[in-house]
Amino acid sequence: MRDFEYAAPASLDEAIELFTGKNGSAKALAGGTDLIDHVRTGRLSPDLIVDIKKISELNILENSSSGFRLGAAVSCNRIYRDETIVSEYSALADSCRIIGGVQIQSRASVGGNLCNSGPAADTTPALIALEATCVIAGPNGTREVAVEDFCTAPGQNVLQSGEILVELKFPPRQENSGSHYRRFIPRYEMDIAVVGVGASVVLDSDRETIVSARIGLGAVAPTPLFAESAGDLLAGMPANDDSIAQAALEAQAAAKPIDDMRGTKEFRVHVTRVLTERVLKAAVARAKGESVEVAIGH
Amino acid sequence: MATIDKPDAGAQTADSRKYNVIGTRPIRHDGTDKVTGRAKYGADVKLTGMLYAAMLRSPHAHARIKSIDTSKAEAVPGVRAVVTHADMPDPGSRVAELGEGAVNLRHLSSNVLARDKVLYKGHAIAAVAADNVHIAEEAANLIEVEYDLLPPVLDVREAMQDDAPILNDDVRTESLAGETGDKPTNTAMHFRYEKGDVAKGFADAHLVIEREFETATVHQGYIEPHNATALWNADGHITIWTSTQGSFTVRQQVSELLQIPVSKIKVVPMEIGGGFGGKISVYLQPVAALLSKKSGRPVKLIMDRASVFEATGPTPGSYIRVKIGVDSKGMISAAEAYLAYEAGAYPGSPVNPGCMCIFACYDIPNGRIDGFDVCVNKPRTNAYRAPGATNAAFAAETVIDEICESLKLDPVEFRLNNASKEGVRRIDGVEYPRVGMWETVDAIRQSEHWKSPLEGPHRGRGVASGFWFNCGLKSSASATVNGDGTVSLVEGSTDIGGSRASIAMQLAETLGIAAEEVNPTVGDTDSVGYTDVTGGSRVTFATGIAAYEAACDIKRQMVERAALIWDVDSQDVHYGDGTITGPGDKEFSFKELAAELHKSGGPIIGRGTSSAANQGGAFGTHCVDVDVDPETGKVEILRYTIAQDAGTAIHPSYVEGQMQGGVVQGIGWALNEEYFYDDSGVMNNASFLDYRIPTCYDVPMIDTIIVEVPDPEHPYGVRGVGEVPIVPPPAALANAIHNAVGVRMRQLPMSPPAVLHEILDKQSSGNGQSS
């Protein structure tokens, strides 16, 4: 492992200053579960590692009438242990619960998962489904970017030199809404998603009609995808298997996967539809107040 | 444990017990150290002044090395030694017999440090020893290598073509008849076995089915990476601490490669975190020794996981064609097979055992088997648990299932009717002694599992059988009687599966003492007689015989000693069940006589060896239920039962452990494991994240049925149990998948994308899958 400098700033300004002008030779460490491994194997060789866990803005976990705020360095286990998140923002809790084991979950952060910008990141489709907004701070102040616009290519994103992802903001959840995230992996544990689907639905007060829906797809394109038309198609439709099948076909059309060691193009395209159906059904069930059992690895 | 609940797992019951110790389940002697973490593995070795080493490996799958410049590495502060092939003597093109198989020493040497060519990505080129591993890694990356890139060939059938890139200029096709080809080739060996009249056998058949199969390269997946720490002392003696399946084979390989007498090399076997055949060949040991020679310091060299995948010895990918004919009653009339196995960079795939095993379960009157050992630009393959047999069984047992389906025959009845028995001659010529193939099938037929109907959509059941040899080879043991009546046993078999316990139990049984009264130690090469590798399912059998002989030697001496003390003729003294008796009710317990030894003539040491005993071989039959998700192709294993002939189960828990462990590895091989290469020969999944061995969530509890058909060649009837359980799982699972969703899987792994592809193919063709 190559030598590097380490800094642990206590304020956002200090952190931005450390990053500014480093032109990529500084890397942010939140949980470090990917970063340290990449440094160890030589895939990354930063001169400076900036530990951002000590910055208070990045540790916020707050739910209020104006929505839910999630600091970029908050660990997965804080998220899935929060009862409000589990009931209101279920898809996010679902995704945090299946990343790694307990040790990883107590360090890994949703912000880090997003900033790594891997196409198969488990939390990103959930963030897309839940309509998250990225709050980014940098030398020129603060800006906001919709989460579906954050990743630009495998491992790349909109962050400019000196910029840090500070938090993710979510709009308040509506009545009769439900969400779910699920991935397909070849084993039952310890795998990267071959296809990942996050979906959120809002039902009418009769709980029979879909008011709106959002679907996020992972591992089927160079970046996580917002299958916008598939979600839009569901607006106003009855919350039944037929509607869901149509939306799943529409989502499948959005998938533009590749063949690789984790799955074939044929497989990913087909399973995008299968998984979208299964995830939408679970999201609808949750919106109706039913509990959804999720078996490991399915 | 998972054993189906029969008292003590074998033929023995408490009343009819033949033995006192054998068949019981004492706590293993090395158990406390293992569970408390005190056991010392290869990476735990720490010596004063020790240096750490790192290896430079080829980024290319096939290239000629034009030059290697190590000057920048040598200039890094903290670097103490750098070695390349120039530091290795040229052993010439000699073949050395290494206990379990022979090896061309020039090939072995070039595999340890590349000579003029690199033949696979990850091929070792140079090594650096430095004050710490970070310096060593940095310096290794500063070594400059100039390459002439050559096109790689990665597929066995492509490598057999006349216009394929040739890996080794010195390889010619050799045949069993002694013919040698006249031009360089990748096809190193052509094996052919024939029996009866094959054409007539097929002509007489009522049904003939011929199918093609492909299997991917897979790795043993042991958790502990390869390691070696070496000290080349100022007096010219070398000590090597390493985890290995055979300390004597490491000694011999290092001796041959460095051209140093074996007497100047001591190999100290550390505890081993899994081997499965992959820790027999040397990789790091000669390099660590050379770095120590150059630096004058002890040097430790440990592989990282990616190198373990890319540069040690996986088991081959293969192409297999099988043709079987049966008469109208379902009796096999003829069988034919063509097997082409990827040897990797240098010749030596296990295609020959694959040929010998492919039809070994059945009595086949007419047969022909052709096998080809073919070099490709992948790491040199090595043994992996029943090497060659799993690929072969996948093909043969799937065709048999298809025959049973076509003729509406019960697959268990078919196997009972065609089973190999005593006196049956295999196609490769061997005539069986008493074997237990029929009994393992019968055990499945009688099992609760087989008798329970399987219900539900997309669920299916599959059955498959398998065979693997048990080899004898050479083993040594010595045992010292302690004054307190215990016995210290030193044996030479490195313990990868609980063999310390099972060998100590055979000594205890023979002496009539308790298993806990034996202290077994695995000796280093200076402390115990020559012992071949822990492989070939031989240790409990052969080293067990050595321990039995050592115990008999102790018994003889104890009798003589008692006669001396009692002043009677030793003819009148008898040894039975831990008690020594003489005329006139004279009696010593073992413990009492042990206490007298120092006063009556000194210590008693027993010695025992075994050599070249033949074993009958081991058979197993497996039954598995699966649930296949028809929308994703994912296979969930609902239930698994394995019946296996263990001869006599010495320690039933470890027999069950071997059976379960073999099944788990077979499941991994069947469902997800594969080396995934890009076109340039780079393995894309050289990590446990994307090389998917099963996790505990992926396998159910595996029920075991120990069948005991004693092997007449062993004093207690032991058969080897370690390898055969990996043989049937891929075939059993393929047959279960077909039963569940109607698709025939003829390639491994049967991963979700592969299974889904067949399902979609079947749906789009609108009827059953065409062959």
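Criteria and cut-off values
- Residues numbered from 1 in each chain as written.
- Chains lettered and ligands numbered in written order.
- Predicted model: local features only at pLDDT ≥ 70, side-chain atom pairs only at ≥ 80, totals over all residues.
- Heavy atoms only, no water.
- Helix = DSSP H or I, 4+ residues; strand = E, 2+ residues; numbered from the N terminus.
- Rg over C-alpha atoms; globule rule 2.2 N^0.38 Å.
- Areas by Shrake-Rupley, 256 points an atom, 1.4 Å probe, with all protein chains shown as cover.
- Lys, Arg positive; Asp, Glu negative; His and termini not counted.
- Charge placed at Lys NZ, Arg CZ, Asp CG, Glu CD.
- Buried < 20%, exposed > 50% of the residue type's maximum accessible area, 1.4 Å probe, protein only.
- Salt bridge = Lys/Arg side-chain N within 4 Å of Asp/Glu carboxyl O.
- Contact = heavy atoms within 4.5 Å.
- Buried area = accessible area lost by both parts, 1.4 Å probe.
- Polar contact = N/O pair within 3.5 Å; in protein donor to acceptor, adjacent residues only side chain to side chain.
- Nonpolar A, V, L, I, M, F, W, Y, C, P; charged D, E, K, R; others polar.
- Phe/Tyr/Trp six-rings, centres within 6.5 Å; stacked < 30°, edge-to-face > 60°.
- Lys NZ or Arg CZ within 6 Å of the ring centre and 35° of its normal.
- Pairing = 2+ DSSP bridges.
- Patch = residues over 30% accessible without salt bridge, like charges linked within 9 Å, V, L, I, M, F, W, Y side chains within 5 Å.
- Core = buried A, V, L, I, M, F, W, Y, C linked by side-chain atoms within 4.5 Å.
- Right-handed = clockwise from strand over helix to strand, strands pointing away.
- Axes fitted to C-alpha atoms, helices over the stretch in contact; angles between N-to-C directions.
- Parallel < 35°, antiparallel > 145°, perpendicular 65-115°, else oblique.
- Expected span 1.5 Å × (residues − 1).

**Side note on the overall build of chain B**
- Across its full length, chain B carries 20 helices and 29 strands.
- Over its C-alpha atoms chain B spans a radius of gyration of 27 Å, differing by no more than 12% from the 28 Å that the globule rule assigns to 771 residues.
- The principal-axis extent of the C-alpha atoms belonging to chain B is close to 90 × 75 × 50 Å.
- Carbon together with sulfur atoms contributes 48% to the accessible area of chain B, which is approximately 27,300 Å² in total.
- Put simply, chain B has 69 plus and 99 minus side-chain charges, and the middle of one group is 2 Å from the middle of the other.

**Here's the deal with the overall build of chain A**
- Counting its regular elements, chain A contains 11 helices and 14 strands.
- In terms of overall size, chain A behaves like a compact globule, its C-alpha atoms giving a radius of gyration of 19 Å where 298 residues would be expected to give roughly 19 Å.
- Projecting the C-alpha coordinates of chain A onto the three principal axes gives extents of approximately 55 × 45 × 35 Å.
- Taking all 298 residues of chain A together, the buried fraction comes to 54%.

**Here we look at the pattern of salt bridges**
- Tallied over the full model, the rule gives 58 salt bridges over all chains.
- Note that Arg278(A) is salt-bridged to Asp629(B), the shortest N-O span being 2.9 Å. Pair noted here: Arg278(A) is in helix α11 (residues 265-287) and Asp629(B) is in the loop between β27 (618-628) and β28 (635-645), and the two residues belong to different chains.
- A salt bridge links Glu256(B) to Arg94(B); its shortest N-O distance comes to 3.2 Å. Of this pair, Glu256(B) sits in helix α7 (residues 247-258) while Arg94(B) sits in the loop between β3 (79-84) and β4 (95-97), placing them 162 residues apart in sequence.
- Overall, Glu256(B) belongs to the buried group, its relative accessible area being 18%.
- Overall, the relative accessible area of 38% leaves Arg94(B) in the partly exposed class.
- Overlapping salt bridges, with partners in common, bring together Arg28(B), Asp30(B), Lys34(B), Glu271(B), Asp495(B) and Arg500(B) in one network.

**Re the interface of chain A and chain B**
- Contact residues are listed per partner, giving 24 residues for chain A and 26 residues for chain B.
- Considering only the surface of chain A that becomes buried against chain B, Arg187(A), Tyr188(A) and Met261(A) emerge as the three largest contributors, covering 30% of it.
- A salt bridge links Arg278(A) to Glu631(B); the shortest N-O distance between them is 3.0 Å.
- Inspection of the region where chain A meets chain B yields 12 residue pairs in polar contact (both at pLDDT 80 or more).
- With 6 residues, α11(A) is the largest single contributor of residues to the side of chain A that touches chain B.
- A class-by-class count of the residues in the side of chain A that touches chain B yields 12 nonpolar, 5 polar and 7 charged.

**Notes on unusual backbone geometry**
Residues and elements named next belong to chain B.
- That bond from Leu748 to Pro749 is cis: its omega, 0°, falls within 30 degrees of zero.
- Following the sequence through the fold, Pro749 ends up in the loop between α19 (729-741) and α20 (752-765).
- Even without a glycine there, the phi angle at Arg385 is positive, about 25°.
- Note that Arg385 resides in the loop between β18 (367-375) and α11 (389-407).
- Judged by its relative accessible area of 7%, Arg385 is buried.
- Even without being a glycine, Ala386 presents a positive backbone phi close to 55°.
- Among the structural elements, Ala386 can be located in the loop between β18 and α11.

**Focus on the packing of aromatic side chains**
- A complete count under the given rule lists 23 aromatic pairs over all chains for this structure.
- Between the aromatic rings of Phe309(B) and Tyr675(B), the centroid separation amounts to 6.3 Å while the plane-to-plane angle is 75°, which identifies the pairing as edge-to-face. Pair noted here: Phe309(B) is in helix α9 (residues 305-311) and Tyr675(B) is in the loop between α18 (652-671) and β29 (702-707), with a separation of 366 residues, a long-range link.
- Judged by its relative accessible area of 5%, Tyr675(B) falls in the buried class.
- Taking 5.1 Å as the distance between ring centres and 80° as the angle between the ring planes, the aromatic pair formed by Phe467(B) and Phe469(B) counts as edge-to-face. For the pair shown, Phe467(B) and Phe469(B) are each scored as buried.
- Members of the aromatic cluster, connected to one another through ring pairs, are Phe309(B), Tyr675(B), Tyr677(B), Phe688(B) and Tyr691(B).
- The ring centre of Phe184(A) lies 5.2 Å from the NZ or CZ of Lys634(B), which sits over that ring.

**Structural notes on the pairing of strand β20 (residues 475-481) of chain B**
Residue and element names in this part refer to chain B.
- Most of β20 is tucked away: 5 of the 7 residues are buried.
- Relative to strand β21 (residues 487-491), β20 is paired through 5 bridges, and the arrangement is antiparallel. Its bridge partner lying in β21, Ser478 is registered against Val490.

**Some thoughts on helix α5 (residues 90-97) of chain A**
- The buried fraction of α5(A) is high, at 7 of 8 residues.
- Taken as a whole, α5(A) has its buried residues at Ser90(A), Ala91(A), Leu92(A), Ala93(A), Asp94(A), Ser95(A) and Cys96(A).

**Examining the sheet that holds strand β11 (residues 207-215) of chain B**
- Spatial strand order, β9-β10-β18-β17-β16-β11 (chain B): 6 strands in an open sheet with mixed pairing. Either end of the sheet is taken by a strand with one partner, and the two such strands are β9 (174-175) and β11 of chain B.

**Quick notes on a negative patch on the surface**
- The grouping of Asp13(A), Glu14(A), Glu17(A) and Glu57(A) at the surface amounts to a negative patch.
- Inspection of the secondary structure assignment puts Glu57(A) in the loop between β3 (48-51) and β4 (61-64).

**What to know about the nonpolar core**
All names here are of chain B.
- Grouped together as the largest cluster of nonpolar side chains are 109 residues, with contacts concentrated most on Ile324, Leu339, Ile358, Phe359 and Met750.
- With 10 residues, α11 is the single largest residue contributor to this core.
- In this view, Met750 contacts Phe394, Ala670, Leu671, Pro730, Leu733, Ala734, Ile737, Met745 and Val755; residues no more than four positions away in its chain are not counted.

**So, the pairing of strand β2 (residues 26-29) of chain A**
Residue and element names in this part refer to chain A.
- Summarising the sheet, β2 and β3 pair through 4 bridges and their orientation is parallel. The residue of β3 that forms the bridge with Ala26 is Leu48.
- With helix α2 (residues 35-41) bridging β2 and the parallel β3, this β-α-β connection has right-handed handedness.

**Considerations on the packing of helix α3 (residues 105-112) of chain B against α7(B)**
Residues and elements named next belong to chain B.
- Here α3 crosses α7 at 95°, and the two axes come no closer than 10 Å. Relative to α7, the element α3 is oriented roughly perpendicular. Between α3 and α7, the residues in contact are Leu105, Leu108, Ser109 and Val112 and Gln253, Glu256 and Leu257, respectively.
- A breakdown of the residues in the contact of α3 with α7 according to their chemical character gives 4 nonpolar, 2 polar and 1 charged.

**Points about α18(B)**
- End to end, α18(B) covers 28 Å across 20 residues, agreeing with the expected 28 Å (1.5 Å per residue, within 8%).
- Most of α18(B) is tucked away: 17 of the 20 residues are buried.

**Looking at the sheet that holds strand β6 (residues 117-118) of chain B**
All names here are of chain B.
- The sheet built from 3 strands is open, its strands ordered β6-β2-β8 with antiparallel pairing. Of all the strands in the sheet, just β6 and β8 (144-149) have a single pairing partner and so form its edges.
- Pairing of strand β2 (residues 63-69) with β8, which is carried by 6 bridges, proceeds in the antiparallel orientation. Residue pairing for β8: Asp69 is matched across the bridge by Glu144.

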